[in-house]
4 protein chains.
Amino acid sequence: MMKGLGVGVWTFGMGSERYVSDGYKPYLTLEERIAKVSTLKGISGIEVTFPNDVNADTAHKFRALINQYGLSLCGMGVELVCDKEWQSGSFASPDPRRREKAISLTRAAMDMAAEFGVSNVSLWLGQDGFDYVFQDDYAAAWQRLVEGVREAANHRSDVTLGLEYKTSEPKMACYINSGGKALALAQATGKANVGITLDVGHAINARENPAEIAAVLLAEKRLFHIHLNDNYSWSDDDMPVGSVHFLQYVELLYWLKKLNYAGWLSLDLYPYRDDPIEACQTSIHFVSKMQNLVNQPNFDRLIEENRASGSRSVRAVYELLLGE
Amino acid sequence: MMKGLGVGVWTFGMGSERYVSDGYKPYLTLEERIAKVSTLKGISGIEVTFPNDVNADTAHKFRALINQYGLSLCGMGVELVCDKEWQSGSFASPDPRRREKAISLTRAAMDMAAEFGVSNVSLWLGQDGFDYVFQDDYAAAWQRLVEGVREAANHRSDVTLGLEYKTSEPKMACYINSGGKALALAQATGKANVGITLDVGHAINARENPAEIAAVLLAEKRLFHIHLNDNYSWSDDDMPVGSVHFLQYVELLYWLKKLNYAGWLSLDLYPYRDDPIEACQTSIHFVSKMQNLVNQPNFDRLIEENRASGSRSVRAVYELLLGE
Amino acid sequence: MMKGLGVGVWTFGMGSERYVSDGYKPYLTLEERIAKVSTLKGISGIEVTFPNDVNADTAHKFRALINQYGLSLCGMGVELVCDKEWQSGSFASPDPRRREKAISLTRAAMDMAAEFGVSNVSLWLGQDGFDYVFQDDYAAAWQRLVEGVREAANHRSDVTLGLEYKTSEPKMACYINSGGKALALAQATGKANVGITLDVGHAINARENPAEIAAVLLAEKRLFHIHLNDNYSWSDDDMPVGSVHFLQYVELLYWLKKLNYAGWLSLDLYPYRDDPIEACQTSIHFVSKMQNLVNQPNFDRLIEENRASGSRSVRAVYELLLGE
Amino acid sequence: MMKGLGVGVWTFGMGSERYVSDGYKPYLTLEERIAKVSTLKGISGIEVTFPNDVNADTAHKFRALINQYGLSLCGMGVELVCDKEWQSGSFASPDPRRREKAISLTRAAMDMAAEFGVSNVSLWLGQDGFDYVFQDDYAAAWQRLVEGVREAANHRSDVTLGLEYKTSEPKMACYINSGGKALALAQATGKANVGITLDVGHAINARENPAEIAAVLLAEKRLFHIHLNDNYSWSDDDMPVGSVHFLQYVELLYWLKKLNYAGWLSLDLYPYRDDPIEACQTSIHFVSKMQNLVNQPNFDRLIEENRASGSRSVRAVYELLLGE
């Protein structure tokens, strides 16, 4: 049973990018963002970043805020990317002080997550990678990743760490660049509480089929959290769910249900020039309609009957949805 | 008013590829293929290649065949790729004998098309390109393309030539590799009867939005024929329509209607391991449902009302299709 | 005869991006940037953006500055992207006031360019495109582009307009997205002074071979300016020249020489986490070595002898460079 | 210490592809291919496929042949793709008879490899994947892969199994689609003799940096065999080494040396329209020159001095190669 649908507070940011560095929209305070999220019908969770959005000093006030607006905390990431202090990397940095800070922040985030009843902390290591060839000792970097993540995971076993893989950005090439690589890294730590935060758009960028990689990660008991968004395949556009990929999303939702994914679905959107409320509503409508579809009593039978019969399975889904 | 939905006879081929060179299915004669096409509800046209499928010697018998099976000829391509004789190229070959043969075949195809009431002959120049750097004199190749296509087009003005662009294959890189390049070439010939055969999958491979390039080509009065198929973006998978891209196809069908595209839609599928009948039926079902959608009286208003309002236009389409 | 090697002043910016919006480096004033450029051996030109870097009010002071530092102005772009005021587009915007402002700024830039003896003004229309399907009327947008660019070009015939095409960014999909599309648009204006500013990285993103598209544009007398940089194929990384692509750059430099390209080569780099001086020096070293190679008396003969003989041409270049 | 440079006999095939299914070149017998390979200076190994090229019936004669021509057997693959019998998959097929045949063939290949002193058998599972969404039960397929490969590996521990990952082809999407996924699968088997056959072109298609994934696989003691070839990033072009990627190959050769890769480098080319002798010679020349470069006594120091200093490392390599 999935826990519900949430949304990341960064969805309500200014929309900064390389060319329009101050973004397309005014800055909103955390409370203003939470207030906006609370107006979204169908959303029960909110996701934040530690320590920027919530930390030891602000936890009390933050708890009061989300209670007031009737939201649960559905996910927590550790901020290890969005400041130039991380430009040599975090867990994989050759600089031991950076690695120590990354591990220490992760442990603190795990404690904070536990306090809020959040079972997973996401690690997106976007600065652990390289820009140019010959810029790093890759075998050493891999060892640092394995050991650092293991050390953080040892902190407590009741909170999982979800590696959020991505092919590139900010570094031109990131080390944890596919679902397979993230899974291999999790296995290499030897820790059961290290797994994956699956960002669907990142999976598409890595030429994966989201349903396929989700199923493999569930089979390996390492799928802990999911970010939903969409893109045109080439870059991480963070568009509303369903704005590009349709059947792939239906298939993902089907297998999440079928394989008993028990975590949250969290909207991770970045609507540069779009109203974030619109972007969320478009996503919520699509997810809701598609969940209805895959929850139909005969959907299961339909899929199993048509499996391995080529495009007939595609037509079967369309016929159920659109009529024969 | 579109002329209808057709299908290329190659869709019923053996499914040969690089690894399984004798394909996945038995060989069917042209008549067997036509017979199969005739069973497809919703298909009224058939597309062939000159001179392999039909030529001066076989035209009489072919006409009888399609009449017998109740089909119209909806398109004709010139075979300038699928034999090693073309490995140095056709219209752009440095060898003048290859260029002459290409031009002469094209002229003969135009005559044959006119005889059958087919208004467009497609030119897919898949061997006009290069494998390695430094393999060709690109400026000279471009001039040969412009002059050769112009010379062929001069043959008769009542038949159009549709350049079917594609990024690569068989050559690692093809010269006519995007809708823009094809349009520029057509303009450079100075002939009004040179334009484009838009293969939707090729457009996706070229990182184009099919609806956008179709609209530009219609604005320039150079969109003469359309091949429908789908793919996973990276290569020319020739899958059933809608098996990957959904909204993009809705948008394409909308603009074709709105801008009064008056040619055929022709299925160009290559179902390696799938039954071609299934692949066609899946495509026909999808196209039919989506044409119903865009032909709804309020669809137009809906699009215009929501234009330029970000993702609201995406949600509007989904709400109309799936309910609010 | 090429005019020399220049560099864009934005190469010395803060390195802002979506995640680190205040960049990785301190802000430098225009004079500080010019001073830095002047220390680069092998660089004789500097490229700026109108009206941000130079305009009617600052032209006098700017001229004094570049004279003092011994640099020429080698290129000028019009700023039509990097502020949220352009989010509905510039030349293709549905809002006539945006279009008027774009045209008016372009005309003023042409005048300023003429004053400085710069023959080309670059138009990078990164906001003319779309994020979502159904967001624009593509045929109308194309007509606005054709007419707007024509109107700007009519202002004076002694300055050319170079359309700098790019597949995406900031808009998810840009209208002028390939060399072919840019060429078709230039042709559609009917103006001889409309052509292309070729950004080599953008060509790679569009799956083009830079040498091939450069040769076609030269054959059509529409290649006016060139931006040099490199990337890993998928996004516009703006890395130093040669840091990824090697033979393709050799081939480009060969055909530019052979086909008598007479404009500037201008470095358009964006070294997020790298020292811009290093990034420029790496580029200058590579370009210089490769120009020496293609200028060798026997290079021409070598290429012509090995043309159309498959990979032998690749080996011939390597043998000349590295020994047999 | 690497074992030497080899070449796959399929490099001397007819060059069949989807459009020219009988290829561009005449058929050569195995002996004719071996004879051709033996003329290549710098090649000491030959790679074959079991049971097509060599099997129990032909092993005696084959051994005599390679002895006669002075070649060693450097690699062996199991044929599990190139016949329509495999269209439902091999190790991951839902059909238990296909899985049994795959395992049984693999075990026989391991015995044959041991007889010839070949330490690794490559498993390229190109039919284990899917064409359409909803075509397979992904979690079950993953379990079948893990268990089947484990069962095969149990046969004998003195021969390794190298999973040759590839994003797609022949299936539109393959299960073992990245170096990370292959590593995760190898780990999941719990067998030390399951690892990876790294095909450099496949790594590029998967958006990996070959040097990086090689280093990770070496750190995990699971890099058993290497196929060399090159491509334009988007598809598996199997072009000569260095014909597209330059610095990436230098970096790969550097880390293979530095991390003591002890297997073979085997050319896996598919020169459709090129002479295979030329394609091999171009590759051999490039590999040899680049190995000389990375073996220079000061190369190591140079890399370590310039590491983590941005593009300076790129320039350092070029300066060593081309002069300052």
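The preceding data block contains the structure.
The structure presented is a predicted model; accordingly, all values stated were derived computationally and were not measured.

Draft legend 1. Region of the structure containing the relation of the copies chain B and chain C. Each copy of the sequence occupies a distinct position, and chain B is placed on chain C by a rotation of 180 degrees and an axial shift of 0.0 Å, giving an RMSD of 0.0 Å. Look at the turn and shift together and you get a two-fold axis relating the two. Comparing interface residues between copies, 100% of those in chain B also sit at the interface in chain C, which points to an isologous, same-surface contact.

Draft legend 2. Structural detail: the side chain of Asp238(B). Relative to the elements of secondary structure, Asp238(B) occurs in the loop between strand S9 (223-228) and helix H8 (247-258). According to the relative accessible area criterion, Asp238(B) is buried, its value standing at 4%. Those residues in contact with Asp238(B) that lie beyond four places of it in its chain are Asn229(B), Asp230(B), Asp268(B), Leu269(B), Tyr270(B) and Arg18(D).

Draft legend 3. Highlighting the pairing of strand S4 (residues 120-123) of chain B. Residues and elements named next belong to chain B. Of the two faces of S4, the one holding Asn-120 and Ser-122 and the one holding Val-121 and Leu-123 are both buried throughout. One ladder, built from 2 bridges, connects strand S3 (residues 72-78) with S4; its direction is parallel. Pairing of Gly-77 across the sheet is with Ser-122, part of S4. Pairing between S4 and strand S6 (residues 160-163): 4 bridges, direction parallel. Bridge pairing in S6 places Val-121 opposite Leu-161.

Draft legend 4. Summary view of the interface of chain B and chain C. In this assembly, 50 residues from chain B lie in contact with 50 residues from chain C. A combined buried area of about 4,200 Å² lies between chain B and chain C, and 65% of that area is made up of carbon and sulfur atoms. Considering only the surface of chain B that becomes buried against chain C, Phe134(B), Tyr138(B) and Arg207(B) emerge as the three largest contributors, covering 19% of it. For the pair chain B and chain C, the number of links is 2 salt bridges.

Draft legend 5. View of the sheet that holds strand S6 (residues 160-163) of chain C. All names here are of chain C. Here 8 strands make up a closed barrel; going around it, the order is S1-S2-S3-S4-S6-S8-S9-S10 and the pairing parallel. Looking at each pair of strands side by side, their axes are set apart by 30 degrees on average, direction ignored. Pairing of strand S9 (residues 223-228) with strand S10 (residues 264-267) involves 3 bridges; the strand directions are parallel. Paired with Leu-228 across the two strands is Leu-267, which belongs to S10. Along the sheet, helix H4 (residues 138-153) makes contact with S6 and strand S8 (194-199), crossing S6 at roughly 150 degrees.

Draft legend 6. Structural detail: the pattern of salt bridges. Residues and elements named next belong to chain C. Applying the stated criterion to the full structure yields 84 salt bridges over all chains. In this structure, Lys-166 and Asp-236 form a salt bridge, with 2.9 Å as the shortest nitrogen-oxygen distance. Of this pair, Lys-166 sits in the loop between S6 and strand S7 (173-174) while Asp-236 sits in the loop between S9 and helix H8 (247-258); the two residues are 70 residues apart in sequence, bridging distant segments of the chain. Looking at Lys-166, the relative accessible area reads 2%, which means it is buried.

Draft legend 7. Representation of the sheet that holds strand S4 (residues 120-123) of chain D within the structure. Residues and elements named next belong to chain D. Taken in spatial order, the 8 strands close into a barrel running S1-S2-S3-S4-S6-S8-S9-S10, and their pairing is parallel. Going from strand to strand, the sheet's axes swing by 30 degrees on average, the running direction of each strand aside. Where strand S1 (residues 4-8) and strand S10 (residues 264-267) come together, 4 bridges link them in parallel fashion. Bridging from a neighbouring strand, Gly-4 pairs with Trp-264 of S10. Sitting on the sheet, helix H3 (residues 96-115) is in contact with strand S2 (45-50), strand S3 (72-78), S4 and strand S6 (160-163), with an inclination near 175 degrees to S3.

Cut-offs and rules
Residues numbered from 1 in each chain as written. Chains lettered and ligands numbered in written order. Predicted model: local features only at pLDDT ≥ 70, side-chain atom pairs only at ≥ 80, totals over all residues. Heavy atoms only, no water. Least-squares fit on C-alpha atoms with pLDDT ≥ 70 in both. Contact = heavy atoms within 4.5 Å. Helix = DSSP H or I, 4+ residues; strand = E, 2+ residues; numbered from the N terminus. Buried < 20%, exposed > 50% of the residue type's maximum accessible area, 1.4 Å probe, protein only. Pairing = 2+ DSSP bridges. Buried area = accessible area lost by both parts, 1.4 Å probe. Salt bridge = Lys/Arg side-chain N within 4 Å of Asp/Glu carboxyl O. Axes fitted to C-alpha atoms, helices over the stretch in contact; angles between N-to-C directions.

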